[in-house]
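Coordinate inspection notes
So the chains spell out like this:
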Amino acid sequence: SSSSSSSSEQGSGSSSSEKKKGENAGSTSPNVGVWTQYRFDKITDSKANNNWDAKQHTLVVGADWKATEKALVGLALSYTRSNSDMTFQNGKMDDNTFSIMPYFGYQIMDFLSLDLIGGYARSKKDGYRRALDLATGLTTGEKVTSKPVANRIFAAPTLTVSKSINALNLAGSIGYIYANNRQNAFTESNNETTDSLDTRLSRFTSGLNFGYRVNNMVEPYLALSYARDLLADKIDNTTAASTQAASGTNKNTYGAGAGLNMAVNNALTGNIGYDYQKNGTLKINSVKVMVRYAF
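This text gives an overview of the structure that appears in the document. Owing to the predicted nature of the structure, the values given are computational and were not obtained by experimental measurement.

We now examine the pattern of salt bridges. In the structure shown here, the tally under the stated rule is twelve salt bridges. Linking Arg 292 and Asp 64 is a salt bridge whose minimum nitrogen-to-oxygen distance equals 2.8 Å. Note that Arg 292 is positioned in strand β15 (residues 282-294) and Asp 64 in strand β2 (residues 52-66), a separation of 228 residues in sequence. Taken individually, Arg 292 and Asp 64 each receive the classification buried, so the pair is uniform in this respect. With a closest N to O distance of 2.6 Å, Arg 182 and Asp 198 form a salt bridge. Separated by 16 residues along the polypeptide, Arg 182 in strand β8 (residues 168-183) and Asp 198 in strand β11 (residues 197-212) bring together distant segments of the chain. A residue is classified by how much of its surface remains accessible, and Arg 182, at 38% relative accessible area, is partly exposed. By relative accessible area, which is 38% here, Asp 198 ends up partly exposed.

Pasting the structure below:
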């Protein structure tokens, strides 16, 4: 669904020290790391004729290995559960998505690093809509159920420049996201068939992060982000059997976030943060918690 892609495939704000604590190849942590992250997203779109909202829960687990002093390789698995109220169709849609995501990091210079993540996701949906009442022109007719299945591939390289000035950690990043989502053809309970649907996303991303190291254990941070869609296939919600909401109303997405990086020691680290993103009438509020252990 668009709700899962809009959150899971957009860059999230994190401070430079969060990356230094294990998410990039330049970490001074031990050779092997395991980590988990939980994220909650509240997604709303108030656009006329496309009003919808969703609550989304995502759990990610991953492990990585420091292959050399500058290179890191890893693999992550994720599960996303999304519950959407499709007001424009007077219906609901539940979405279960499983993803596998290999990733790679390389410390090009002391201040410059490259991250690359890609993956495959499979989504199974289960929902209903109300058929169009021809007499009134409203979606108040019979209850029509469907169970579409979709497959997605995606890739996202990111370059990050970081600088520490005393207790202040600064980082700036630019990146690119490509995703292709193919929803298989399906038949609804009223025997209405829907052809397969391909949607593509090509997006430039950027971010600024400001962290202040209070001590060796605590660092609060602020983050800003901007993304511009170079290509984003729009979904036609006027069709009766549409099961997806549009992913946004314009090409620009703005974001801001804040959080706290924590380190019990060099092996056990964590992060808690909040992100807000806006694309026209589409708004996403997110809370995330991450814990990592290196050995």
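Here we take up the pairing of strand β3 (residues 71-86). Pairing between β2 and β3: 14 bridges, direction antiparallel. Across the sheet, Gly 62 pairs through a bridge with Ala 76, a residue of β3. Hairpin connection of β2 to β3: four residues between the antiparallel strands. Where β3 lies against strand β4 (residues 91-109), 16 bridges are found, and the strand directions are antiparallel. In the strand pairing of β4, Tyr 79 is matched with Phe 98. Joining the antiparallel neighbours β3 and β4 is a turn of four residues, in which Asn 90 adopts a positive phi near 55°.

In this section: the pairing of β11. Relative to β11, β8 is paired through 16 bridges, and the arrangement is antiparallel. Bridged to Gly 172 within β11 is Leu 208. In the sheet, β11 pairs with strand β12 (residues 218-232) via eleven bridges, with the strands oriented antiparallel. Across the sheet, Ser 202 pairs through a bridge with Leu 231, a residue of β12. Turn length for the β11-β12 hairpin, with the two strands adjacent in sequence and antiparallel, is five residues.

Moving on, we get to unusual backbone geometry. The backbone phi angle of Asn 166 is positive, close to 55°, even though this residue is not glycine. Tracing the sequence through the fold places Asn 166 in the loop between β7 (149-165) and β8. Under the relative-accessibility criterion, Asn 166 is labelled exposed at 70%. The phi torsion at Asn 191 lies on the positive side, around 70°, for a residue other than glycine.

Once that is clear, we can look at the environment of Asp 198. Separated by 46 residues in sequence, Asp 198 and Arg 152 place their C-alpha atoms 9.6 Å apart. What Asp 198 contacts, discounting residues up to four positions off in sequence, is Asn 180, Asn 181, Arg 182 and Asp 233. Only 2.6 Å separates the side chain of Asp 198 from the side chain of Arg 182, close enough to count as a polar contact.

The rules behind the values
Residues numbered from 1 in each chain as written. Predicted model: local features only at pLDDT ≥ 70, side-chain atom pairs only at ≥ 80, totals over all residues. Heavy atoms only, no water. Salt bridge = Lys/Arg side-chain N within 4 Å of Asp/Glu carboxyl O. Helix = DSSP H or I, 4+ residues; strand = E, 2+ residues; numbered from the N terminus. Buried < 20%, exposed > 50% of the residue type's maximum accessible area, 1.4 Å probe, protein only. Pairing = 2+ DSSP bridges. Contact = heavy atoms within 4.5 Å. Polar contact = N/O pair within 3.5 Å; in protein donor to acceptor, adjacent residues only side chain to side chain.

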